[in-house]
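Observations on chain architecture
Listed below are the residues making up each chain.
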Amino acid sequence: MKSGVRKFVFRDLQKIDGYIDPPDALVFLSLIEKQRQEKLYGGLAEIGVYYGRSYFLLRKISAPDDNVLAIDLFDIEADGAQYQRFLDNGRSLGIPVDEELVITGDSTRLDPQAIIDKVGQVRFFSVDGGHLLRHIVADSRLAKSVLADHGIIAFDDTFNPAWPEVTVGVSDFLRRNSDTFAAFCMTKYKTYVCRRDFHEFYRAALGRARHLLPFEHAEMDFLGSKVLRLHNPINRRVAYELLRRLGLGAISEWAYRPV
């Protein structure tokens with residue numbers, strides 16, 4: 001990983017309110033790098049921007065000419081304060097938000113053509129919007145309808161006990177589409193899905209990714225597919241959190257440095 005990107009992931013990105021942690025940030029990076037190496041092109045999109053932590057990660061690790069679409073209601077705070085903080089965060093990171101590539105509205109009512117018109121077919125789609133079953137059903141259908149053949153869907157909070165309907169929704173999506181889609185990777189927080197034609201390609205790529213060497217790798221079965229399970233070792237988690245709490249965020253990447 002280039003030092004600039006590593007600094008961004010472990011220091012700059014942590015200044016933005018949000019929930020993507022270093023393990024998943026490194027999975028995002030590994031997958032998008034692999035797509036770029038193999039010339040697997042397409043737009044990137046996210047449902048559920050919050051204040052932009054994973055959005056700015058996608059912007060940072062994709063190519064400068066890649067289009068990254070942000071979709072959110074931006075209604076957490078009154079008087080547009082959430083959206084303004086999103087814009088301010090982009091300026092502070094030196095990654096200004098392209099407001100032409102922002103859709104403010106309910107993703108469950110979004111016409112897929114609106115996405116295609118802005119970024120074309122999507123090669124990486126982060127789904128982190130509403131966490132009720134109806135949201136997952138609608139957002140997974142939307143992502144499927146705009147996904148490139150080599151596209152990836154990253155579902156957030158898949159097995160979070162606070163949001164059990166996400167687990168139901170993602171499992172239902174995979175069962176209903178078992179002939180074409182399968183999970184290929186799981187972390188504590190996210191499940192990564194692609195078309196079956198690319199399942200082994202992405203699973204193998206993550207298994208060999210240098211960025212992911214610090215994590216424990218295990219193979220498991222999930223709904224008829226082999227899935228790479230990435231576990232964040234407790235010693236690395238403790239070291240990372242300790243460095244951050246001591247105000248040493250700039251060197252916290254040491255906890256996840258490849259051997």
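Quick caveat, the model's predicted, so the values are computed rather than measured.

Another aspect to go through is the pairing of strand β5 (residues 147–156). Across the 10 residues of β5, 9 count as buried, placing the element largely inside the fold. The pairing of strand β4 (residues 122–127) with β5 spans 5 bridges and is parallel. Paired with phenylalanine 124 across the bridge in β5 is isoleucine 152. This β-α-β element, β4 to helix α6 (residues 133–146) to β5, shows right-handed connectivity. Pairing geometry for β5 and strand β7 (residues 190–195), over 5 bridges, is antiparallel. Within β7, the position partnered with isoleucine 153 by the bridge is valine 193.

Right, let's talk about the pattern of salt bridges for a bit. In total, this model carries 14 salt bridges according to the counting rule given. Put simply, arginine 123 and aspartate 66 hold a salt bridge, and the shortest N to O gap is 3.2 Å. Of the two residues, arginine 123 is situated in strand β4 and aspartate 66 in the loop between α3 (53–61) and β2 (68–72); the sequence distance between them amounts to 57 residues. Exposure class is identical for arginine 123 and aspartate 66. Each is buried. Glutamate 253 is the partner of arginine 257 in a salt bridge, and the nearest nitrogen-oxygen pair spans 2.2 Å. The class of arginine 257 is partly exposed, set by a relative accessible area of 42%. Glutamate 253 sits in the buried class, given a relative accessible area of 12%. Taken together, the salt bridges that share partners define one network made up of Arg6, Glu253 and Arg257.

Spatial strand order, β3-β2-β1-β4-β5-β7-β6-β9-β8: 9 strands in an open sheet with mixed pairing. Strand pairing shows two members of the sheet lacking a second neighbour, β3 (102–104) and β8 (216–222), which therefore form its edges. Each strand of the sheet is rotated relative to its neighbour by a mean of 20°, with strand direction disregarded. Of the strand pairs in this sheet, strand β1 (residues 43–47) and β2 are connected by 4 bridges, and their pairing is parallel. Opposite leucine 44, over in β2, you have valine 68 as the bridge partner. Sheet strands in contact with helix α5 (residues 112–119) are β1, β2, β3 and β4, and its direction is about 150° off that of β2.

As a further point, take α5. For α5, the N-terminal capping position is held by aspartate 111, with its side-chain oxygen 2.9 Å away from the main-chain nitrogen of glutamine 113. Just beyond α5, the residue with positive phi is glycine 120, at close to 75°.

Looking at the secondary structure, you find alanine 255 in the segment after α9 (234–245). Classification of alanine 255 as buried rests on a relative accessible area of 3%. Note: C-alpha distance between alanine 255 and tyrosine 240 (15 residues apart in sequence) is 5.4 Å. Setting aside residues up to four positions removed in sequence, alanine 255 forms contacts with Arg236, Ala239 and Tyr240.

Secondary-structure assignment places lysine 60 in helix α3. Each C-alpha atom, one on lysine 60 and one on valine 9, is 9.2 Å from the other, the two residues being 51 residues apart in sequence. Apart from the residues lying within four places of it in its own chain, the contact partners of lysine 60 are Gly4, Phe8 and Ile95.

Where nonpolar side chains cluster on the molecular surface, the patch consists of Leu242, Leu246, Leu248 and Ile251 and spans about 380 Å² of accessible area. For leucine 248, the location among the structural elements is in the segment after α9. A residue is classified by how much of its surface remains accessible, and leucine 248, at 36% relative accessible area, is partly exposed.

All told, the structure shown has 0 disulfides when counted by the stated rule. Here cysteine 194 stays unpaired: no disulfide links it, and the sulfur of cysteine 185, its closest cysteine neighbor, is 11 Å away. By relative accessible area, which is 0% here, cysteine 194 ends up buried.

It is worth spelling out unusual backbone geometry at this point. Unlike most non-glycine residues, phenylalanine 74 shows phi in positive territory, near 50°. Assignment of secondary structure puts phenylalanine 74 in the loop between β2 and α4 (81–93). Judged by relative accessible area, which is 7%, phenylalanine 74 ranks as buried. Positive phi is not limited to glycine here, since leucine 223 has a value of about 50°. Structurally, leucine 223 is set in the loop between β8 and β9 (225–231).

Rules behind the numbers
- Residues numbered from 1 in each chain as written.
- Predicted model: local features only at pLDDT ≥ 70, side-chain atom pairs only at ≥ 80, totals over all residues.
- Heavy atoms only, no water.
- Buried < 20%, exposed > 50% of the residue type's maximum accessible area, 1.4 Å probe, protein only.
- Helix = DSSP H or I, 4+ residues; strand = E, 2+ residues; numbered from the N terminus.
- Pairing = 2+ DSSP bridges.
- Right-handed = clockwise from strand over helix to strand, strands pointing away.
- Salt bridge = Lys/Arg side-chain N within 4 Å of Asp/Glu carboxyl O.
- Axes fitted to C-alpha atoms, helices over the stretch in contact; angles between N-to-C directions.
- Contact = heavy atoms within 4.5 Å.
- Polar contact = N/O pair within 3.5 Å; in protein donor to acceptor, adjacent residues only side chain to side chain.
- Patch = residues over 30% accessible without salt bridge, like charges linked within 9 Å, V, L, I, M, F, W, Y side chains within 5 Å.
- Areas by Shrake-Rupley, 256 points an atom, 1.4 Å probe, with all protein chains shown as cover.
- Disulfide = S-S within 2.5 Å.

Functional significance is not addressed by these values, which are geometric in nature.
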